[in-house]
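Here is what each chain is made of, one letter per residue.
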Amino acid sequence: MKTVKKTTLGDKLFDLLSSGKVCLGLLVLYLINQCIIAVIVHPLGANMLNLQMTMNGPMFAKIVQGWTPDQLSAYYHHFYFDFPHPFIYAAFLASAVATLSKQLGAAKASMHRFLFYMPFVAATCDLLENCLHLVMIPMVPDVPGILVVISGAATNIKWFLAFTCLGGVGYLGLRRLLIKKVTGK
């Protein structure tokens, strides 16, 4: 009797993203989009990050009310690039994990798969944050506190997962370099 190997959608995505060329292309796309966003939101300074991370309704309202019309316009304008951004960084980080895992011969290792999916969860949190901000800003000064808490929590989870995954990529990359140095492969 012949056994059929089941291939999941996750396996197909892992294989698709496990190319060094794909990873490099996604890195370039990520850097370009991140630079565009940075230029657009530069006039907002630290208030941009404070707005994203706060879980305090009055603080959220105070930040938005403190922006000039041009700053508020810049914040709205950044969404044109910030909505595709989670897809880009999730694909890049997942590609880095997949590429390094494949090179290390550990493509099926559960920790590698966990790292592979982590940026997609972060991206989902990022999209939730973006959607909530589009809903909450017109409500200022009467923003429901629960929405600010959900938005802030989504942001903080996003950052935690993205940086954890980035640390995992750094660890895998270091392992790959050490193995290459020791074995020459």
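The structure contained in this document is the topic of the report that follows.

The rules behind these values
Residues numbered from 1 in each chain as written. Predicted model: local features only at pLDDT ≥ 70, side-chain atom pairs only at ≥ 80, totals over all residues. Heavy atoms only, no water. Helix = DSSP H or I, 4+ residues; strand = E, 2+ residues; numbered from the N terminus. Disulfide = S-S within 2.5 Å. Phe/Tyr/Trp six-rings, centres within 6.5 Å; stacked < 30°, edge-to-face > 60°. Buried < 20%, exposed > 50% of the residue type's maximum accessible area, 1.4 Å probe, protein only. Lys NZ or Arg CZ within 6 Å of the ring centre and 35° of its normal. Axes fitted to C-alpha atoms, helices over the stretch in contact; angles between N-to-C directions. Parallel < 35°, antiparallel > 145°, perpendicular 65-115°, else oblique. Left-handed = near helix turned anticlockwise from the far one by under 90°. Contact = heavy atoms within 4.5 Å.

Tracing the sequence through the fold places G66 in helix α4 (residues 57-66). Taking the C-alpha atoms as reference points, G66 and N47, 19 residues apart in sequence, are found 9.4 Å from one another.

What follows is about the state of the cysteines. In protein structure, a disulfide is the covalent linkage between the sulfur atoms of two cysteines. A full pass over the atoms with the stated rule returns zero disulfides. The thiol sulfur of C35 is not disulfide-bonded, and the nearest other cysteine sulfur, from C23, lies at 17 Å. Of the cysteine sulfurs around C125, a residue in no disulfide, the closest is that of C131, at 12 Å.

Counted according to the given criterion, the structure contains eight aromatic pairs. Ring centres 6.1 Å apart and planes at 15° place the aromatic pair Y30 and F92 in the stacked group. Here Y30, found in helix α2 (residues 20-41), pairs with F92, found in helix α6 (residues 85-103); they are 62 residues apart in sequence, far enough to count as distant. Between F116 and Y117 the ring centres are 5.1 Å apart and the planes differ by 75°, which places this aromatic pair in the edge-to-face class. You can call Y117 partly exposed: its relative accessible area is 36%. Following the ring pairs from residue to residue traces out a cluster consisting of F14, F116, Y117 and F120. Sitting above the plane of the F14 ring, R113 keeps its charged end 3.9 Å from the centroid.

Between two packed helices, both the angle of their axes relative to each other and the distance between the axes serve to describe the pair. In contact at an axis separation of 9 Å, helix α3 (residues 46-53) and α4 are set at 150° when each is read in the N-to-C sense. When the interaxial angle is binned, α3 and α4 end up roughly antiparallel. Here the hand of the crossing between α3 and α4 comes out left-handed. Counted together, N47, N50 and L51 of α3 and F60, I63 and V64 of α4 form the full contact between these two elements.

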